[in-house]
2 protein chains.
Amino acid sequence: MAARERFIEEVGMAAEADGLPRIAGRLFGHLLLSPGPCTLDEIAEALDVSKGSVSTDARLLLRHGWLRRTSRAGDRKDYYEMAPDFFAGIVAYRLGRWDALHDLVAASIPDFAEEPATVRGRLEYLDEVQAFFVAGLRQLLLEWRSRFEIADGQDRAVVPTPGS
Amino acid sequence: MAARERFIEEVGMAAEADGLPRIAGRLFGHLLLSPGPCTLDEIAEALDVSKGSVSTDARLLLRHGWLRRTSRAGDRKDYYEMAPDFFAGIVAYRLGRWDALHDLVAASIPDFAEEPATVRGRLEYLDEVQAFFVAGLRQLLLEWRSRFEIADGQDRAVVPTPGS
DNA sequence: GTTTACGTTCAATATGTACTAAACAAACAT
DNA sequence: ATGTTTGTTTAGTACATATTGAACGTAAAC
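Parameters and conventions
- Residues numbered from 1 in each chain as written.
- Chains lettered and ligands numbered in written order.
- Predicted model: local features only at pLDDT ≥ 70, side-chain atom pairs only at ≥ 80, totals over all residues.
- Helix = DSSP H or I, 4+ residues; strand = E, 2+ residues; numbered from the N terminus.
- Buried ≥ 20, exposed ≤ 12 C-beta atoms within 10 Å, placed from the backbone.
- Contact = placed C-beta atoms within 7 Å.
- Near = placed C-beta within 6 Å.
- Nonpolar A, V, L, I, M, F, W, Y, C, P; charged D, E, K, R; others polar.
- pLDDT = per-residue confidence, 0-100.
- Least-squares fit on C-alpha atoms with pLDDT ≥ 70 in both.

Novice: Before we go on, may I ask you to explain the environment of A:Leu137 in this structure?
Specialist: On the secondary structure map, A:Leu137 appears in helix H6 (residues 117-158). Residue A:Leu137 is classed as buried on the basis of its 22 C-beta neighbours within 10 Å. Along the backbone, A:Leu137 and A:Thr56 are 81 residues apart, and their C-alpha atoms lie at a distance of 30 Å. Aside from chain neighbours lying at most four places away, what touches A:Leu137 is A:Val91, A:Leu95 and B:Leu137.

Shown next as structure tokens:
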């Protein structure tokens, strides 16, 4: 099935366009299309890349919050899978980056108190607009999460997830 | 004033973390702190980089919609300045990227109709959550823009902007 | 027509970093 | 203890791309 590989490559390229390593994107795509948790070796072979890269990139995505690491009784291997609500993690990450930019600007405003009104106005605009979008997006995130919790709870009532 | 250079460098690094050239970020920072429109030569000298880089990166940011190019009567030079509501452009860009990912996934769902329920469910989850956030963020953008139009209109009533 | 003042493009280079393969560490099994 | 099986780290390489400087094109000025 070539569709699978094409999909994985496209996710890889999309990830790269956002500043992530290409392999991280492919890993993401692979896990998206994997019914169950995967081991490092499994992924490395499927993607035809070194295990070291998979290890590094898996932990990268783990830090970003889109992956989950699980384990199995009587098994030493690590298992990676998509986090239950991984897109919320993506949004949270973006929120974090906008927040960082906001902090940078807010912290700098006093330094430029002597600058012309145009500049001060622009920094204040940035302060305002970021506050607006950060608050709005954070609100969306809350809404989604509570909505997801309900749906997720229903699923778990029917199919309890083992191994986590 | 070292604060200015520090600010510009920090914006440069922040931009780089998001996959843009460092000079593009510095250009962004420079324009943020410039009271008026700047020429390519001006910027190149201030940032101590080649004019070619400034030309390329300025047009990059122009395409992304955070910059504006203006001209002056009796002057051959191009002038660059921050777009009036540039952060809306940043949000719109992010919206575009999420939209692209959404399209990728939505278009691929039929290809994986034969896959296990776990995979199909995950793709449908992605479809849903992206629709939610894309719609929500787009709505925020609309709200902000109408709010900004009003404020901007007021400003322009008091201080008409020449040269555009 | 020539020169000057601009913006763009391009070949060459520098620089960073993704990636690999191998060494390493840790935990387990025997 | 010794040998496996795992994940991590690291030195080295390959690769991509940011950046430069110069060549180029164009339009105005003289």
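Novice: Which parts of the structure should I look at to understand the protein's contact with DNA strand D?
Specialist: Within the structure, DNA strand D sits among 19 residues, and A:Gly52, B:Pro21, B:Val49, B:Gly52 and B:Ser53 are positioned closest to it. Going through the elements one at a time, helix H3 (40-47) and helix H4 (51-64) of chain A together with helix H2 (22-32) and helix H4 (51-64) of chain B are the ones with two or more residues in the surface near DNA strand D. It is H4(A) that contributes the most residues to the surface near DNA strand D, five residues altogether. In terms of residue class, the surface near DNA strand D is built from four nonpolar, seven polar and eight charged.

Novice: What is the right way to look at the confidence of the model for chain A in this model?
Specialist: The predicted structure's coordinates, where accompanied by low pLDDT, should not be read in detail. Counting all residues, the mean pLDDT for chain A is 91, and 92% of those residues have values of 70 or more. The low-confidence segment residues 157-164 of chain A (pLDDT under 50) makes five contacts with residues lying over four places distant or belonging to another chain.

Novice: Sorry if this is basic, but what is going on with helix H2 (residues 22-32) of chain A here?
Specialist: In an α-helix, one turn spans 3.6 residues; hence positions three or four apart end up facing the same way. All names here are of chain A. In terms of burial, H2 is largely enclosed, as nine of its eleven residues are buried. Ile23, Ala24, Gly25, Arg26, Leu27, Phe28, Gly29, His30 and Leu31 are the residues of H2 that are buried. The elements touched by buried residues of H2 are helix H1 (2-17), H3, H4, strand S1 (67-70) and strand S2 (79-82).

Novice: For this particular structure, what's the right way to read the relation of the copies chain A and chain B?
Specialist: The relation between the two chain copies is a rotation about an axis coupled with a shift along that axis. For the match of chain A to chain B, the screw axis carries a shift of 0.0 Å, the RMSD comes to 0.0 Å, and the turn is 180 degrees. The two molecules are tied by a two-fold rotation axis, judged by turn and shift. Relative to the rotation axis, the closest C-alpha in chain A is found at A:Gly19, a distance of 2.2 Å. In this assembly, 100% of the residues forming the interface of chain A have copies in chain B that are likewise at the interface, indicating an isologous arrangement.

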